[in-house]
Structure formats: C-alpha cells, structure tokens
Amino acid sequence: MKYSLIFCLFLFSIRIAAQEINIDYNKLGNKVIELINQHRKTLRLQELKKDLILLKAARDHSNYMLENNILSHEQKNTDKKFPKDRIQFYEGKMFDTFGENILFTSIELKKYNEAEINILARKLFLQWKNSPPHYKNIIYQNYEFTDIAFSFDKKQKRLYATNVFGAKGFIIPNQLSENAFGLTEKNTLCKKINVSDQIHIGNGLRIEGNDVVLYYYDIEKFKRIFNERSDAIAIDFIEGNQFKCGSKNEFDVSAIYDGTLSKPIYKDELLANNQAENKLKLITKVGEIPEHLRGKDLTLSTVFIFTNCACAYSSPIEVDSRTLSLLSVKPILEIPKNTLLTNKGIIKTEEHSFAFGRNETIEKLDNTETYLNTSDFYDTSNFTIKVAFDTISNENESNIASEIKNRFSEYNNNLDTLTEADSISEEVTFEIINEKIHSSQIYSYSSVEGNEALNKNLYLERVKSIEKYGREQLNILIKPDKVVAEENWETCYIQLEMENFGALALKPKEEIRSYINTNRDQWEAYLNKQRVSKLIANYYGELKPKDPNDKYYLEFLYEINLRTGIYEKDYTRANLALAKIYEEDYSYAIFDEIVFNELMTNEKLVQNAAAVLIKSHRINQFKTVRFLKYWLTQFDTLTKNAQFNLLNLYCVTNDELLESWDVSTTKLANVTKPKTLMDKFEAFEKNLDLIANYNYVGLYYANHTNDYEMLNFYFSKVYTSFKNNIKTPKDRVNLGLFLNFWSSYSTTIELLKEQMKKPEFSKEEALLLAQTYPLEIDDNGSSDSDLEYILKKVYRLNKKAWCEWQNENKNVLRNTIIKREYCKMCTTDKK
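So, here's what we can say about the structure. Just so we're clear, the structure is a prediction, and the values are computed from it rather than from any experiment. (Residues numbered from 1 in each chain as written. Predicted model: local features only at pLDDT ≥ 70, side-chain atom pairs only at ≥ 80, totals over all residues. Heavy atoms only, no water.)

**Things to note about the overall build of the chain**
And step 1. The helix and strand inventory of the chain stands at 29 helices and 18 strands.
And step 2. The proportion of buried residues among the 831 residues of the chain is 55%.
And step 3. Long-range pairs, those at least 24 residues apart, make up 76% of the contacts in the chain with a sequence separation of at least 6.
And step 4. By element, 48% of the accessible surface of the chain is carried by carbon and sulfur atoms, the whole surface being about 38500 Å². (Helix = DSSP H or I, 4+ residues; strand = E, 2+ residues; numbered from the N terminus. Buried < 20%, exposed > 50% of the residue type's maximum accessible area, 1.4 Å probe, protein only. Contact = heavy atoms within 4.5 Å. Areas by Shrake-Rupley, 256 points an atom, 1.4 Å probe, with all protein chains shown as cover.)

Encoded structure:
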C-alpha cells in the first residue's frame, strides 16, 4: 500500500580457511551506507541518514537469522514477524514507509584492516545492487533513513547482514476515527484488485456538493469485486498543502491513509443507494467531505476494503479526456427539375392537444402549440445541443440552443405582428395576406386498457368533443378532412419497448391488453399518454415579400410549399421544398402532423426528409426515432440514396443520445441495435466516413449494454478509422483524448510518444502526454529518461497549462521527478 517491502533472498559464498575473525562492524556498516549514498547521489536522490531505531531492528533480525540458521524476512515472534513489526517494536511508530535487504556470505576468519573492510563493504553493496529487487530498495526515492547490522556464524563462517530502510510520516489531526474505523492493515490474506479496476474506480469519483459520488460503468463487475458484506470503499481526503514544496509530502504515518479517512461505506449500502437510470451502471455515494475540510483544496484517494482489511490504496489523477465528434458525412439530396415553388398555400399549422382522463369524453384542453410540436416522451423545452470543441476551445462559438429558442421566439413575434393589419413592424420583410382556415384533421385516441368495444365508443365520442371545441373556440366551421379514431397501439408498442417488454409487444393485442389491465396501476402514466388526442388546424395564406431573397422569407416560403405539397399530394414540390429546407439550419415544419404523417408512409420523401432530420432531429427526438425505426424496417423498399441518408441519420441521432454516460433503459430502447444493421452499413463500405461513424455509435451502444465482445470489436474499428484520418496535431490530440475517455492510456502514450521528438510536436500534444504518462509508470522509480524528456518538452511548450493542471491534480506530485520539476518551475516565485 503506502510502503514497499522487498522479500527476496540472495546467496553468495566464498570459501575461506582461517580460525579467527575481527571486524569493526561499525566501519563496515558505515562504508556500505556510504556506497549506497554515493550511488543515490548520482541519481539525484536524497542521501539516507542513519537512525538508531532502524539499527535496533536490523541488529535484532541479523541475530535472529544467526540463531535460527535461516535467511528470511519473517520471524516466529508475532511482535517482530515482519520488518514493519520490528521497527514498531523498537518504538518506530513514526515510520510509515520501510523496506529491508538481507543476505549471508561466507568470509575468511581473520582480522580485517580498513582496506579489507572497504573491499568487503563493496562486495556486500554490489551483491544487493546487482539484484533487481534489492536494488529497488537502494534507490527508492521516498526513503530518508537507513541502518545496517551484522552477525557472524563462526561454525559455518557465515556473515549475516540486514539493511533496513525507512521514512517518517506525520500525524494528520482531526481524524474521524481513532483507529481507522477498526480496519486492519494490508496483509498476505488480502484479496487482489487489479490496477485497471483501481484506476476505473478512482477516476470515477466526483465531488458533488459535500458528497463524493462514484460513477462505475458495470454494476455486475462491481458486485464481483465487492462480493462480501464486509467489503467497502473509504475515501482518503488529502489537503493540497500536504504536497508543499521544500519538503517531502506530509502524509500520515498510518499504513491505511495519508490524509483524513472517511467512514467506510459497505457493499450493501453502496448498491442500495444506486442512482443510475441505466440499471447496468452504478452511481452511488462513497463518502462525505468532513466539516473541517469543506471549502479547502482537496485531493481524493481511494481505500479498497475487503473483509474489513485495507487491501489496496489508489491515488487517481484526472487526465483530460472527451469523446470524438462524428466525421462529417454530407447527405445526398434529390433536387426535382422543372418544379416551381409558390408563395401561396398552407402558411401555418396549429396543433391543439387534449388530455382525456379514463372514460372521459368531455374535452380538456392540455395545450395549444403553433409550429413547435413537443414530444410526449422528450422534454424539448430544454434543447440539449452537442458542441464539438477543438483542442483549444473557441470562445466565439454560439450557443445553438439559445439561438434556436431566440429565433423561434422572433419567428412567432413576427407572425403575431403580421396578422395584425394595423401594426406592421418596419423590421418585417414580408406580409401574410388572405389568411383563412384551410383544413383540419382530428386524431382521437383511447388507451388500450379495458375492452375494445368500450374503447371504440370512447374515441368516437372524443372526436365529437374535439370537433365541438374547434367549432366553438377556434371558429373552424368546415368539416375535418381527416379523422383518425382508434386505440393508441402505436404508442403502446413503443412504451412496451421502453419497459423492455419487447417480447410481449409481439403477442396478440388481447394478450397485451390483459397484461396491462392486470397491472393498470403501474401503467397509469403510460395510459394517460395513450389518451392524448389532437386537433390540427391548417391555415391558408399568401406571402408578400419586401425582399424575395430575405432569409426569413425563404424559410417561410419553403415550409409553405412543404405543407401544401404534401396536402395536395404533389410530392415533387414537397421534395423540392425539403431540399431547400436542408440548406437552412433546422425546420419545425417537418414535425407538423400533416407533414410527419406523410413522411412516415411515403417512401418517395424519405431521402430528403432524412437529410432535413439530420439537422432538425433535436427539435423532436421522439418523432425522429419513430421515423428511423419505421423506415429501417422498410429499408429494402428505399432507393440507394435514401438508404444512405437514413443510415447517416441513424448515426447522428444516436451519437447524441448515447453520448451521455448514464442513458436510461427507457431511452436506450429507442435505439435500433447497431449489430442488426451491420449488413446495411456494409453495403456502403466504400464510404469510410459513414462506416467510421457507424462503428462509433456501435461502440457507445455496446458500452451502455456492457457487451464487452462487441465493445472491443467496435473500439478497434473506431481507433483504426480515426487514426487513419489524422492529418494535423489537433486530430492526434482529439484521438488521444478519446483514448483517455476509454482509459486506454497506454495507447495514448504510444500515439504521442511517436511524435514527441519531431519539430511539429505541438503544445497540446505535450500537455496531454505529460498528463497521461504518469498513469503508466511506477511512481516509485527514481529515474525515467522518457519522463524527464516529456517534462522538458511540456515546460518549454505549454508551461502555464501544465502547471495549472498539476495544481488541480496534486496526486501526480507523489512522483519525485514530477514534484521536483514542479517545485522548480511552477511555484509562485518562478512564474
């Protein structure tokens, strides 16, 4: 955990022939320590000081090995069993880091002069130096003290040597428990937890208010790691000033924690408090910031507890990471020839929604919307827009969501102004004249509960109620030209999928109805949505522009022709309007009921409609998903270009849905499984960008469903595709950020190290490599030429950003090389 014990044996023998021995052990020990310090000095490591407590522990163990004719780090006496126990036995409780080297060697029985003592000392030193495990103790960067003791077996002419190393810690005040909540220290019975799992859990910690919350990607794997009720997680809160320059890191002497230990939270509570919407994931509280540390600069570490033993300690650092953006794939438009657009037609569509209670036929107006149709299942009042940032964020990027809202507000305000003949604004670029009701449609639904005969009476009576509302409240005196009155099975089937009842959705309707009737209370919210009905009012008018090339006039013109072309079944005109609408930023009109219902049934419009939805799907994701799901089942009836656009739309919409870390099972049900579409995408294998985007969506879907076989398959495909598209250092950084997002740190390092000695190596590449490299190196190493080169590069190319990142990720200062350079380059007086 916080210490490094090297348990290795080294045997060396020299045949001798003498009868007496006389060695000054003090001189021999001092010479060995001198050689160790000379070597550490060449590596720019601090020299070790002698310590009486370590000398007592070393002498005790050398005598034990002599008395028991054994070479071992362990003793039978439990009070002195391991090096740590022996140090503490001799009142060395302030030591929090320790190690031990031992050996025996045969020597001549004689009186040793100073020159011979020096030769013997060098032999002992070289035996340890040439043994890699022992050498690690000699050069361990955190050691501050050492001492060495000997014993001699005259009968076997064997010299025993014990060299003990250590470092003293601090006592951090205000602990929440006097005995670390009863946890025992790491021992040989501890269950192992591999390093990658430690990194995933450690890097999944987030401070939210005063709580520390864990985000973990696989709840079943979490259960396999923490499989006993006595397994737990505790958070070690370390203050930033514990890493101060000019001294070693001030960590508590405890072998369990470095700062202030939080109360452990055990397996059952961790699982019971899961807040994840996706039930394959885990989002749970693992700790709470102690009151005396709130508002302070804190670094988190994780203590992994198995059967109440602190078995592992992880100090994560949060490297920069993010997802990639899809490659730009332009849809193919069908542009009809010999077709003209007109300034006359259906200028607007008003949708009036009704929410009927169970068995109600009297109208109850739910809302009235013009142009914008909100989704039954998505909150479109909050436009969540994905913005793909470059390596350096562009402060001039516009807020697309705000722009959509502002433009829609402006659009409605202009419309209101236009309809009042006595108050035309000077800013208005066109007039609407001859406005009148054009047509209407009624959609009346009952829920599928109860029985079919009763439901039929209900939805027919609701038609009358809705028609009455239109006549009395909206002055719609013409008969509706379309009436849809039925049980709302379409919505019901979607709801079944959302609840993972796909198999039930394939059953006969009466079997589904029986299930819902039996579970009516649980289905009440869904049944209410099934009963929502609509009155569609279409208004005719003419546009009279001041400037025929004005942007807003053209947007309005295209939408008029889309609605009118569909209503009059002039699909050539409708397709031209769709092609023109694609040139705009987005379109609300495509979701008008009169338009969307035609798009759901007419394959002639799919190609251009899919293109428009690529830009407009955020406005109504629910209807976009309906469009996708239906036409993917009719895929073979479409033209090649329509298929291409549909697959492009699939990638764009699902990329945004799946990008969230915690996608609910309900939303995930709206995604057609990528694996089922593989053959459809393979038909376009020559379009490498489309295939890359498909693999990218597949990767995220596999991650949300924890399908590791497909996750590895898609990850390899995505990495290869995007690596082959690297053209600039920015592209390489973006791929490295993506690799870090997936915890593939070694691949990021490999990708960037290939470039680091080239002249075009950028400051962004240097920063990302410097952040990521410490995750893959041994923090205990005293020398790393690659790390030193990387630090030299990042301080030259991107010093400010690197210093700021280290200030926020102080766990990286556990590495002596990094801390040394940080203190030299980043402290206030050096900036």
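So, next bit.
**Looking at helix α25 (residues 729-741)**
And step 1. Relative to the 18 Å expected for 13 residues at 1.5 Å per residue, α25 spans 18 Å between its end C-alpha atoms, a close match to the ideal helical length.
And step 2. Taken together, the buried positions of α25 are occupied by R732, V733, N734, L735, G736, L737, F738, L739 and N740.
And step 3. The inward-facing, buried residues of α25 contact α23 (688-704), α24 (708-724), α26 (745-753) and α27 (763-772).
And step 4. Positive phi shows up at S743, right after α25, with a value of about 60 degrees. (Expected span 1.5 Å × (residues − 1).)

**Observations regarding the packing of aromatic side chains**
And step 1. Applying the stated criterion across every chain yields a total of 38 aromatic pairs.
And step 2. Ring geometry for F354 against Y469: centres 5.2 Å apart, planes inclined by 85 degrees, an arrangement best described as edge-to-face. A residue pair is termed long-range when its members are at least 10 positions apart, and F354 in strand β14 (residues 344-355) and Y469 in helix α10 (residues 452-473) qualify at 115 residues.
And step 3. The buried category is assigned to F354, whose relative accessible area is 0%.
And step 4. Arranged with centres 5.2 Å apart and planes meeting at 55 degrees, the rings of W523 and Y526 form a pair that is tilted. Y526 shares its class with W523; the two are buried.
And step 5. Every member of this aromatic cluster is reached through a ring pair, and the members are Y696, Y700, F715, F722, F738, F741 and W742.
And step 6. Directly above the ring of F104 sits R158, whose terminal nitrogen or CZ lies 3.8 Å from the centroid. (Phe/Tyr/Trp six-rings, centres within 6.5 Å; stacked < 30°, edge-to-face > 60°. Lys NZ or Arg CZ within 6 Å of the ring centre and 35° of its normal.)

**Quick word on helix α20 (residues 640-659)**
And step 1. Spanning 20 residues, α20 covers 29 Å between terminal C-alpha atoms, matching the ideal 28 Å at 1.5 Å per step.
And step 2. Judged by how many residues are buried, α20 sits mostly within the fold: 17 of 20 residues are covered.

**Remarks on the packing of helix α15 (residues 551-567) against helix α16 (residues 571-582)**
And step 1. Across the interface, α15 lies against α16 with an axial gap of 8 Å and an inter-helix angle of 150 degrees. Judged on the interaxial angle alone, α16 and α15 are roughly antiparallel. Handedness of the crossing formed by α15 with α16: left-handed. Taken together, the residues of α16 that come into contact with α15 (itself represented by Y558, E559, N561, L562, T564, G565 and I566) are Y571, R573, A574, A577, L578, K580 and I581.
And step 2. Per-class residue counts for the contact of α15 with α16 are 8 nonpolar, 3 polar and 3 charged. (Axes fitted to C-alpha atoms, helices over the stretch in contact; angles between N-to-C directions. Parallel < 35°, antiparallel > 145°, perpendicular 65-115°, else oblique. Left-handed = near helix turned anticlockwise from the far one by under 90°. Nonpolar A, V, L, I, M, F, W, Y, C, P; charged D, E, K, R; others polar.)

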